[in-house]
Each structure stands twice: as C-alpha cells, then as structure tokens.
Amino acid sequence: MTTTDTPTVDNGVNIEALRGAREALTNHPEAATFQWRASCEWARGTHSRTMITDFFGLGAEHVHRQTYAVDADHPEVFASEDNGPTPPEIALAALASCLTAGVATVASNRGVQLHSVKATVTAGMDLQGILGIDGDVRNGFDQVTVTYDIDADASRADLEAILVQSQKRSAVFDIITNPTTVQVTLA
Amino acid sequence: MRVTVVVIGAGQAGLAMSRHLAVAGLDHVVLERGEVASSWRTERWDSLRLLTPNWMCRLPGYQYEGPDHDGYQTAAETAGWLEAYACRTGAPVRTRVTVLQVRRTAGGFEVATDDGCYFAAAVVVAAGASSDARVPAVAAEMPRRINQVTAMRYRSPAQLDATGDVLVVGASASGIQIADELRRSGRCVTLAVGEHVRLPRTYRGRDIYCWLEAVGQLDERYDEVEDIERARRHASVQLVGTPTRMPLDLNALSAAGVCLVGRLMLVSGAVAQCSGALASLTANADLKQARLLQRIDDFVTEHGLLSEVPEPDRPAPTRLGSVPTEVDLERFTTVIWATGYRPSYPWLDRAAFDRRGRVAHDGGVSPVPGLYVLGLPFLRRRRSNLIAGVGDDAAELLPHLREYLRGAGSPRVERRSCRSVIEGAGEERVPDPMDHRIDGA
C-alpha cells in the first residue's frame, strides 16, 4: 500500500514522523544505536524497585519526561509480601505492550482505524526449574500465548497481517523468542 | 588485448549479454573461469532441477526445443542447453580464464586475468548471484566433530557420514529440497526454518509460474516496488521441480518425518538454540501466499477463465506441532548450510560497492561509468534472476551501454604493463560484505 491511497486515520500514532525517522536512520545508521537503562534497588525480602530515567540514542543523551518506577515482588503463596507483579509478569507486560504498540503503528501505516485493542497474555512455567528440583526443566516460560481482541475498520485477514507485521518489528518479541548474551558482573 | 566490451561470466546472463552485443555489432569477449555454465556443472547437487518449467527456458533468439515443455531441466541438462546456446550464437567465450582484477582507469577498464590483461571501454559483470555460499557466524561455534557442508558443496545423501542425524539450516528452495532428499534416503533430519517464501507447485491445474507470468507478477519493475532493497534480499521460493510436479512445503516435510525448528540462533556447547518465533514466520508466509493466490483468483474471474480452470485448491495453512527451541547436537554428524548465496566479486574495483559491501547499481547500471552488472535478483524486474529474465535485462542495458560508448568515444588506453596490476591484485580486496545474517534460516 502506498501513502497516496492510505485513508486518513487517527490512532494517535505520528506516522509521518516515524517514516521520516526511518529514512533519516537509513542514511545515518550510527544514529540508530541506542542504549536502554534501568537501575534496580533491593527493598526488602523479594521486593525491589527499578527506576527508569534516561537513555542514549540519536547520538545524544535523553531523559524521560519523568522517572518511572517499577516495583516487583513475589506473591504471598511464595511467603512474600506481594508488593508488585513478579518479574516474569513484568516480562509479559513488556511483550504485550510492545506488540500492542506495533499493532497501533502498523495499523496506522496501513490506514486502518482502530477502535479497541485488547491483548490477553498467558505463560506456563514449571517451578521445578527455578527451585532446582528437576535439572531438565527450564527456569523460564515453557510457552507464551498472546490473544488479541481487536475492533477495527478492517477485515480479519487484514488484522492477521497486522499482527504478523507487529511481531516482525517487535523488540520484546525478539528478546523473548531469541537468545541474547547476558553478562552479570560485580561492579 | 583491446576490446570494446568485456563480459565476465559465461552463464545465462553473460551469454544473453553477448548475444545482444553481437547483434549490435559491438566487439567483445566473454571471460569464463571454467567452462560455459560453470556453476550449473560444479556447484549444484546431483538431483537439482530448475524451479521453472522448460517453456520458460528462453534466452535472446533461443528457447527450449525438447519434448517436455512442462518438465524441469536438471542442472546438467541446463548446462548442456547453455553450451548449445554459446555454440549456436558463436559467443566469443574464453574459457578457463580467471579474472584477477577489474580496475577503472582514465580511458576505460583494465581487466587483469591469468591469461593477460584486457583493455576495455566497458565491462559487464555477469559472474552470477550465487558465487559464494552464505554461512552464518554461528557455524564457527559448531562442535568440531560435526561435518559442515554448504548447499554449494552438497551433492547427494551418499556423500555424508552414513550415520547420525543431519541438521539442515535454511528452508528456501535449497534447504527444503535437500532436507526432503535426505529424509527419503532414510536419514533423521532436523530443518531450521527462518523467513521463507511459500508457493504451491501448481494452482488451479497449472504450474505456478504459468500464473505468475499471467498476472504480471514477474514483470514488476525495480523502480516500481516500494522497497527494492528488501525485494532484492528475498529468499528463493519453497519449490522443487520434479517430473511428478510434487508439492513440497513445511507440511509435507513434517508429514515425512522431518523435525522443524525455528531459525538457528546460537550454538552453546553441544546445544543449538533456535528461535521461538517460527509460528510468526509461517503465519507470514501463509498470508503472503494467500494474497498471491487471491490475485490469481481475481485474474481468473476478471478474464472469464472460470469455465476453463479448476476451482481454487488453496494449500493448507502451515501446521506446527510443538517446536523445540533447543536441539541436542550430540546425535548429529552433519550440518548443511542452505543459508543462501551471495555474489562475490573480490576482483572488482572497490568503487563499485556500497558501504555495506554490496555491488551498487541502479537497474544494472553501476555508479562507475561503463560498468554494468547482470543476473542479480530483481536487477530490473522480479524475473531478473530467472533464465527467462536475463534476456530482457540485457536488452535494456544495451542502449545505456551504447550511449556510454558514444560519449566515451574511442577509449584511450593507458599503455602500461599489466604486470603491476596483477601483482597488486591481492591488495585491492573489498571489505567482506558478509553480514552474518542467517538468510532464510
């Protein structure tokens, strides 16, 4: 679909700016290098608070409009105080919000007006992994399912195509489905 | 030796260009490192047949004349067919001449070879889009006892270790064909599947290429598609040419007992980790296939062909069982890299490459004046990488080339020894364009 035959829609996504950014970063790939940061501080027990303030990108330092705090804890069934979602649940939130941002962006790019978008995420986990009971069981999810309920001015086939494209361009979908090298060190 | 045009490579592209140059009365030579159709003879597996039916075997002034119009020529038959074309057109091919360096000079080009130096006003690089196997960086992490073979070096199941599982990486035409052949030979095969393009062998009673021709898909031009760079990187279609027009897709491979896994991401010790995103890729391939088949259905309706062709026979959506994300390499003895091919022209003037190390061109016209490339994917149209596509591309490059020659006048040639060029050839290496992307895997 070309820009000329794209109907005007308003999903609150600034598509012109995104297209401009894509073109600018194609010509200046060095500006596409970003670094995301978070700092986490232990509170008590399994409770911790992660602060997100700044990041680097487009060749410069940037500061969020405000510092965001994300509390994480374990639930009471683990004898914890449940001061926040568990870290795996935060990972699911990250996946769903990343895919949903993608749905809105791709839909806007394709001229599809959205009325409502809801994603339900479920993930299975066998605790024998993290508890070290069975070495053959992994710590992480065994399967993640994301189910979308979308009300939009588009056919089912168009919505399926938007979902596929959203996965193709999603950072967190890639982070969760593909391995990443992680180094944990003592400062 | 002085000549107006040097063509590098005597495959379908070089021979098509030669034919057009000859008709235009332009003196030229075609330099070929081996024999005519060298890649077809030496760099393809034994059972390989063309993906396109024989009625699509056509080059300028030449076409398939055998009895089996709907069949698919073997690689060996294709080599013979090209050899006959070279004979019939009297193409000035110099075989067993290896190009060492192509350098732009003030007066034109110096083409240094192991058979002396050629001075030319223009050069057409027709050295193939598949001169090198693309192998991802993860290959270096494979356990040493595992034999690694590229699709270019693979010949037949008999060539591999007789025991142990085989991991085929890449599920485009090469990967699915090799996986299928190995499975039929009784091997346990795991296929790592990345981004892929799905197409049925036949649809509504006709070969898929019949429909692609009819709807004009193959004629889409490079200056009309939205993102030509992406279009040029597309993997080859999941197809096989067999006498029975056998369909071959991921469902067929699963049913035959091939284990499907996601794109191979990394190897850690004796464990290969594969992407968990396979379902998203198969959904994408299914959607794109459905879109193309809908285009064919619309064509059938619009052209009043409903009474002539059978009802739509859409292939089933890709079914994936539980797809493991880890593969224990202990039981494997062989890995076959069917992760794509790439052109490799280390002898070409570095001004001919873009910053990512790929040959820069606009529809085959290089930014280096007088330099042309031919036979690359989507060079000027979607059919550019097909035998039935290079002829039209060559025909369209010819007027540009003649215009250039008129402007260049009689090329002035530096009268200096070629020896220095040859001795310097090793130093002028272009940066390795390999981006370590696992193409199609």
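All figures in this text were calculated on a predicted structure; none of them were measured in a lab.

A. Quick peek at the overall build of chain B. Scanning chain B from terminus to terminus reveals 10 helices and 23 strands. In terms of overall size, chain B behaves like a compact globule, its C-alpha atoms giving a radius of gyration of 23 Å where 441 residues would be expected to give roughly 22 Å. When each of the 441 residues of chain B is scored for burial, the buried share is 55%. Intrachain contacts of chain B at a sequence separation of at least 6 include 73% that bridge at least 24 residues. Carbon and sulfur atoms provide 49% of the accessible area of chain B, an area that totals close to 18400 Å². Between the averaged position of the 53 positive side-chain charges in chain B and that of its 54 negative side-chain charges there is a distance of 3 Å.

B. Broad picture of the overall build of chain A. A count of helices and strands for chain A gives 4 helices and 6 strands. Taken from the N to the C terminus, the helices and strands of chain A come in the order α-β-β-β-β-α-β-β-α-α. With the C-alpha coordinates aligned to their principal axes, the bounding extent of chain A is approximately 60 × 40 × 30 Å. Taken over 187 residues, chain A has a buried fraction of 24%. Residue pairs at least 24 apart in sequence account for 50% of intrachain contacts in chain A once pairs closer than 6 positions are excluded.

C. Up close: the packing of aromatic side chains. In this structure the tally under the stated criterion is 6 aromatic pairs over all chains. Site record: aromatic cluster; members linked through ring pairs are Phe34(A), Trp36(A) and Phe55(A). Sitting above the plane of the Trp40(B) ring, Arg44(B) keeps its charged end 5.8 Å from the centroid.

D. Focus on the sheet that holds strand S11 (residues 165–169) of chain B. Residue and element names in this part refer to chain B. Within the open sheet, the 5 strands sit side by side as S10-S21-S11-S12-S17. Their pairing is parallel. Sheet topology places strand S10 (147–150) and strand S17 (259–262) at the edges, where each strand pairs with a single neighbour. Ignoring strand direction, the axes of neighbouring strands in this sheet form an average angle of 20°. Pairing geometry for S11 and strand S12 (residues 189–193), over 4 bridges, is parallel. Residue pairing for S12: Val-168 is matched across the bridge by Leu-191. Its contacts with the sheet place helix H4 (residues 173–184) against S11, S12 and strand S21 (332–337), and it is angled at close to 170° to S12.

E. Structural context of the environment of Ser47(B). Residues and elements named next belong to chain B. Examined against the element boundaries, Ser-47 turns out to sit in the loop between helix H2 (38–42) and strand S3 (58–59). The sequence separation of Ser-47 and Val-267 amounts to 220 residues, and the corresponding C-alpha distance is 31 Å. Within the structure, the side chain of Ser-47 is placed 2.5 Å from the side chain of Glu-181, a separation counted as a polar contact.

F. Local environment of the nonpolar core. Residues and elements named next belong to chain B. Val-6, Leu-191 and Leu-401 are the most contacted members of the largest nonpolar core, which has 93 residues in total. Considering every element that reaches this core, the biggest residue donor is helix H9 (residues 387–408), with 8 residues. If we ignore the near neighbours within four places in the chain, the residues touching Val-6 are Val-29, Leu-31, Val-111, Tyr-118, Ala-120, Ala-122, Val-123 and Val-124. Core analysis: the next-biggest nonpolar cluster, separate from the first, contains 20 residues, Met-56, Tyr-203, Val-237 and Ala-388 among them.

G. Representation of the pairing of strand S18 (residues 264–268) of chain B within the structure. Residue and element names in this part refer to chain B. When S18 meets strand S19 (residues 271–274), the two strands line up antiparallel, connected through 4 bridges. Looking across to S19, one finds that Val-267 is bridged to Ala-272. Between the end of S18 and the start of S19, which pair antiparallel, lie 2 residues, with Gly-269 showing a positive phi angle near 65°.

H. Spatial organisation of the state of the cysteines. Residues and elements named next belong to chain B. Under the defined criterion, the tally for this structure stands at 0 disulfides over all chains. Not part of a disulfide, Cys-188 finds its nearest cysteine sulfur in Cys-259, a span of 9.8 Å. Its relative accessible area of 43% is what places Cys-188 among the partly exposed residues. Of the cysteine sulfurs around Cys-259, a residue in no disulfide, the closest is that of Cys-274, at 9.0 Å.

I. Structural view of the pattern of salt bridges. Residues and elements named next belong to chain B. Tallied over the entire structure, the rule returns 34 salt bridges over all chains. For Arg-382, the salt bridge goes to Glu-220, with nearest N and O atoms at 2.8 Å. Pair noted here: Arg-382 is in the loop between strand S23 (371–373) and H9 and Glu-220 is in the loop between helix H5 (208–215) and helix H6 (228–233), with a separation of 162 residues, a long-range link. A salt bridge links Glu-403 to Arg-406; the shortest N-O distance between them is 3.2 Å. Of this pair, Glu-403 and Arg-406 both sit in helix H9, 3 residues apart, roughly one helical turn. By relative accessible area, Glu-403 is classed as partly exposed at 48%.

So, how was this worked out
Residues numbered from 1 in each chain as written. Chains lettered and ligands numbered in written order. Predicted model: local features only at pLDDT ≥ 70, side-chain atom pairs only at ≥ 80, totals over all residues. Heavy atoms only, no water. Helix = DSSP H or I, 4+ residues; strand = E, 2+ residues; numbered from the N terminus. Rg over C-alpha atoms; globule rule 2.2 N^0.38 Å. Buried < 20%, exposed > 50% of the residue type's maximum accessible area, 1.4 Å probe, protein only. Contact = heavy atoms within 4.5 Å. Areas by Shrake-Rupley, 256 points an atom, 1.4 Å probe, with all protein chains shown as cover. Lys, Arg positive; Asp, Glu negative; His and termini not counted. Charge placed at Lys NZ, Arg CZ, Asp CG, Glu CD. Phe/Tyr/Trp six-rings, centres within 6.5 Å; stacked < 30°, edge-to-face > 60°. Lys NZ or Arg CZ within 6 Å of the ring centre and 35° of its normal. Pairing = 2+ DSSP bridges. Axes fitted to C-alpha atoms, helices over the stretch in contact; angles between N-to-C directions. Polar contact = N/O pair within 3.5 Å; in protein donor to acceptor, adjacent residues only side chain to side chain. Core = buried A, V, L, I, M, F, W, Y, C linked by side-chain atoms within 4.5 Å. Disulfide = S-S within 2.5 Å. Salt bridge = Lys/Arg side-chain N within 4 Å of Asp/Glu carboxyl O.

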